[in-house]
Amino acid sequence: MNKYVISVSILLLSSSSSLAQDSCMVRPSCADMGYTKSATDCEGKKAIACPFDLSAYYCPEIGESCDFSEYPLTECPTGGNCTDFECGGTTQFKLESCQSGYEINEDGMTCNACDFTGYTLSSCPTGGNCSNYSCGGTKKYKLNSCKSGYTKSGTTCTACSWGDYTLSSCPANGNCTSKTCGGKTQYYLSSCKSGYYDYDNTCIACSKVCVSSSCSIAVSYNHACGCYTRCCDAYDTNRCDEDGCALAVHPPGTCPSPYVCVQCWSEV
């Protein structure tokens, strides 16, 4: 008895009457079609009754020749999704796919558990340089380094905070401090060298002579160059503050009310 017995039996059942009438064909017996067992013989087994005689049965014997060529596995592997085929009292399996968290092996018959060791991130963080690993329908990431301007902290990249360190280089003739973060270095101009003054983060050479000037441009002749702004009473220029309004008190070009800037001079 082979695995086509069911389809053959159904076909014969549906057509036997008409065939016998049309061509006087002799209907095969249940025994001819393989239904040679009794209900007792097939007890506890998967059995099929003969369509012509419900007391005659077919049930496969253990060890009966079966075609398991498409079902090579004796069990479904861990993490696998399988279909099975039962014949002769034996059930074998075919691996169709692997479950989430597993990937199918090259032999097509086992499922390997995904190993995400080191790949713990569901996405690459902002400012990060990452590698990724895909397995079982899942992709995860590993942070390798941070981009310029970011610093690495565990599995995140934090943008550097520069504060007053806004210069990409120290200006010529300047005295600077520096700050390095995320592979990048920026600078802060602390002061200018002797003979230079700071104007908008640039060190400008001092003039040879300190001249009279309005307050708007008095910044050009400041303390760095040995020049000071004098602040006097707006109504009496003879009444000037005694200390000459040194830079430490009044920045270049400014005077506190009610004083006004009237001249610049040099102590040199």
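Residues numbered from 1 in each chain as written. Predicted model: local features only at pLDDT ≥ 70, side-chain atom pairs only at ≥ 80, totals over all residues. Heavy atoms only, no water.

## Quick look at the overall build of the protein chain
Here's step 1: Along the backbone of the protein chain there are one helix and 17 strands.
Here's step 2: Within the span of the protein chain, comprising 268 residues, buried residues form 26% of the whole.
Here's step 3: Sequence-distant contacts in the protein chain: of pairs separated by 6 or more residues, those separated by 24 or more amount to 30%. (Helix = DSSP H or I, 4+ residues; strand = E, 2+ residues; numbered from the N terminus. Buried < 20%, exposed > 50% of the residue type's maximum accessible area, 1.4 Å probe, protein only. Contact = heavy atoms within 4.5 Å.)

## Let's talk about the state of the cysteines
Here's step 1: In total, this model carries ten disulfides according to the counting rule given.
Here's step 2: Residue pairing for Cys 146: its cysteine sulfur links by disulfide to Cys 157, the two sulfurs lying 2.0 Å apart. Between Cys 146 and Cys 157, the S-S dihedral sits near -90°, and the bridge is therefore left-handed. Of this pair, Cys 146 sits in strand 8 (residues 138-146) while Cys 157 sits in strand 10 (residues 156-159), and the two are eleven residues apart along the sequence. (Disulfide = S-S within 2.5 Å.)

## Some details on the side chain of Gln 186
Here's step 1: Of note, Gln 186 is situated in strand 12 (residues 184-192).
Here's step 2: According to the relative accessible area criterion, Gln 186 is buried, its value standing at 10%.
Here's step 3: At 2.5 Å, the side chain of Gln 186 forms a polar contact with the backbone oxygen of Tyr 165.
Here's step 4: Sequence-distant contacts of Gln 186, that is, excluding residues within four places in its chain, are made with Trp 162, Tyr 165, Thr 166, Leu 167, Thr 177, Ser 178 and Lys 179. (Polar contact = N/O pair within 3.5 Å; in protein donor to acceptor, adjacent residues only side chain to side chain.)

## Brief notes about the confidence of the model for the protein chain
Here's step 1: A residue-level look at the protein chain finds 66% of positions with pLDDT of 70 or above and a mean pLDDT of 76.
Here's step 2: When the criterion is pLDDT under 50, residues 1-20 qualifies, and its contacts beyond four places in sequence or with other chains add up to 23 contacts.
Here's step 3: Across residues 242-249, confidence stays below pLDDT 50; counting only partners more than four residues off in sequence or on other chains, it has twelve contacts. (pLDDT = per-residue confidence, 0-100.)

## Some details on the environment of Cys 30
Here's step 1: On the secondary structure map, Cys 30 appears in the loop between helix 1 (5-23) and strand 1 (48-49).
Here's step 2: For Cys 30, a relative accessible area of 11% gives the class buried.
Here's step 3: As for Cys 30 and Ser 55, which are separated by 25 residues in sequence, their C-alpha atoms are 9.8 Å apart.
Here's step 4: Ignoring sequence-local partners within four residues, the contact set of Cys 30 consists of Tyr 35, Cys 50, Phe 52, Asp 53 and Ala 56.

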